[in-house]
Each structure stands twice: as structure tokens, then as C-alpha cells.
Amino acid sequence: MSTLHRVLVQNAKSMKSLKSGSVDLVVTSPPYPMIEMWDDVFKKMTPKANQAFKENNGNTAFELMHEALDSVWKEVVRVLKNGGFACINIGDATRTINDNFMLYPNHSRL
Ligand SMILES: C[S@@+](CC[C@H](N)C(=O)[O-])C[C@H]1O[C@@H](n2cnc3c(N)ncnc32)[C@H](O)[C@@H]1O
């Protein structure tokens, strides 16, 4: 079996150079919502999530961060062939906001 490899440096929200239904396998590791080390990435993607943190509203921040990623998943579905596979590496997050410790279930939201 031969495979084709090209490196595209671009935003995964819009991979226009890939035809719809042309990809067999997607393997990806997105930034994890609610994990502090990715806060700056999400701040740029969705400034409203930053505002939600300032208001100590973790659930809203969680949802806004996922909404920022949703357009990537839509694009992944577009480029995948019928029966293709998407392997997404993501972990849940635990975080304390305003003395409120919570689990943010990234895997199930995704
Ligand atoms: C969890 S890291 C993955 C790191 C990678 N697997 C590695 O080993 O270096 C998430 C990466 O996704 C990138 N990223 C975030 N949004 C993106 C987007 N819309 N399109 C492409 N890459 C994105 C981030 O800049 C970050 O480098």
C-alpha cells in the first residue's frame, strides 16, 4: 500500500487545499480546554472564554473553548472519506476556579 504525505502549515479550521472526502485517517492532538497551559491559545481563539474566567464561570469558559474547536471537527468530517477514521488525543481537565474544584469532561464534550 502506498501512502501520500504532504505538510500543510495552516489553520485546521479551513483546509481548503484538501478535497472533501479525500482523507483516510486524521490523527490529531488539539489544545485541551481548561488545561492552564493552553489558556493563551484559547484566549486568541475565543476572547469571550477569557472573560468567562475573569467572571469565575468555568462552565461557560469550557463551552466557549469547545465551540472554538468545533469548526475544526466540522472540517475534519468534511475532508474524511466515508468510513475514514479520526483519532483525537484529548484528556479531561481538573481545575479549581474560585475555590470550586471541578472535572471538565473534554472527552465527552468532544
Ligand atoms: C496539544 S498541542 C499538540 C502538540 C503536538 N502534538 C506536538 O507533539 O508538538 C496542540 C497544538 O495545536 C495547535 N493548534 C491550535 N489550534 C489550531 C488550529 N486551529 N489549527 C492548527 N493547529 C492548531 C496549537 O498551536 C498547538 O501547537
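Our subject is the structure listed above.
Everything numeric here is computed off the predicted structure, so don't read it as measured data.

What should I look at first to understand the pairing of strand S4 (residues 100–104) in this one?
On any regular strand, side chains alternate: one points to one face of the sheet, the next to the other face. In terms of strand pairing, strand S3 (residues 93–97) meets S4 through five bridges, oriented antiparallel. For Thr 94, the partnering residue across the bridge sits in S4 and is Leu 103. Taking the residues that link successive antiparallel strands as the turn, the S3-S4 hairpin has two residues, and the phi of Asn 98 there is positive, at about 55 degrees.

Sorry if this is basic, but what is going on with the packing of aromatic side chains here?
Any pair of aromatic rings gets described here by the distance separating the centres and the angle formed by the planes. This structure, assessed with the given rule, holds one aromatic pair. Consider the rings of Phe 62 and Tyr 104, whose centres lie 5.7 Å apart with planes at 40 degrees: the pair is tilted. Pair noted here: Phe 62 is in helix H3 (residues 58–79) and Tyr 104 is in strand S4, with a separation of 42 residues, a long-range link. Judged by relative accessible area, which is 2%, Tyr 104 ranks as buried.

Help me out: how do you make sense of the site of the ligand in this one?
Close to the ligand lie Gln 10, Asn 11, Ala 12, Ser 29, Pro 30, Pro 31 and Trp 38, which account for all nearby residues. Separating a nitrogen atom of the ligand from a side-chain N or O atom of Asn 11 is a distance of 2.7 Å. Between Ala 12 and the ligand, the recorded distance is 2.9 Å, taken from a backbone N or O atom to a nitrogen atom. Burial of the ligand by the protein chains amounts to 48% of its free accessible area of 600 Å².

For this particular structure, what's the right way to read the side chain of Asp 39?
Position of Asp 39 relative to the elements: it lies in helix H1 (residues 39–45). By relative accessible area, which is 12% here, Asp 39 ends up buried. Residues in contact with Asp 39, not counting those within four places in the same chain, are Phe 53, Met 65 and Arg 95.

Would you mind going over H3 with me for this structure?
Along an α-helix, a turn takes 3.6 residues, which lines up residues three or four apart on a common side. Along its 22 residues, H3 runs 32 Å from first to last C-alpha, staying within 8% of the 32 Å computed at 1.5 Å per residue. At Leu 69, H3 is deflected by roughly 30 degrees, the largest bend along its length.

Looking at this model, I keep getting lost on the nonpolar core. Mind explaining?
Soluble globular proteins: nonpolar side chains tend toward being buried together. Ranked by internal contacts, the top residues of the largest apolar core, which has 22 residues, are Val 23, Met 34, Phe 53, Met 65, Val 76 and Tyr 104. For this core, the secondary-structure elements that each account for two or more residues are strand S1 (23–28), helix H2 (47–54), H3 and S3. In this structure, Met 65 is in contact with Pro 33, Met 34, Asp 39, Phe 42, Thr 46, Ala 49 and Phe 53, ignoring residues within four places of it in sequence.

Is there a simple way to explain the pattern of salt bridges in this structure?
Pairing is possible between side chains that carry opposite charge, provided their charged atoms lie close to one another. Evaluation of the coordinates by the stated rule reveals six salt bridges. With a shortest N-O distance of 2.7 Å, Asp 39 and Arg 95 are connected by a salt bridge. Here Asp 39, found in helix H1, pairs with Arg 95, found in strand S3; they are 56 residues apart in sequence, far enough to count as distant. Neither Asp 39 nor Arg 95 differs from the other in exposure class; each is buried. Across the salt bridge formed by Arg 109 and Asp 70, the nearest N and O atoms sit 3.0 Å from each other. With a gap of 39 residues between them, Arg 109 in helix H4 (residues 106–109) and Asp 70 in helix H3 connect regions that are remote in the sequence. With a relative accessible area of 23%, Arg 109 lands in the partly exposed category. Salt bridges linked by common partners bring Glu 63, Asp 70 and Arg 109 together as one network.

Reading guide: rules and limits
Residues numbered from 1 in each chain as written. Predicted model: local features only at pLDDT ≥ 70, side-chain atom pairs only at ≥ 80, totals over all residues. Heavy atoms only, no water. Pairing = 2+ DSSP bridges. Helix = DSSP H or I, 4+ residues; strand = E, 2+ residues; numbered from the N terminus. Phe/Tyr/Trp six-rings, centres within 6.5 Å; stacked < 30°, edge-to-face > 60°. Buried < 20%, exposed > 50% of the residue type's maximum accessible area, 1.4 Å probe, protein only. Near = heavy atom within 4 Å. Polar contact = N/O pair within 3.5 Å; in protein donor to acceptor, adjacent residues only side chain to side chain. Areas by Shrake-Rupley, 256 points an atom, 1.4 Å probe, with all protein chains shown as cover. Contact = heavy atoms within 4.5 Å. Expected span 1.5 Å × (residues − 1). Bend = angle between axes of the 7 residues up to and from the residue. Core = buried A, V, L, I, M, F, W, Y, C linked by side-chain atoms within 4.5 Å. Salt bridge = Lys/Arg side-chain N within 4 Å of Asp/Glu carboxyl O.

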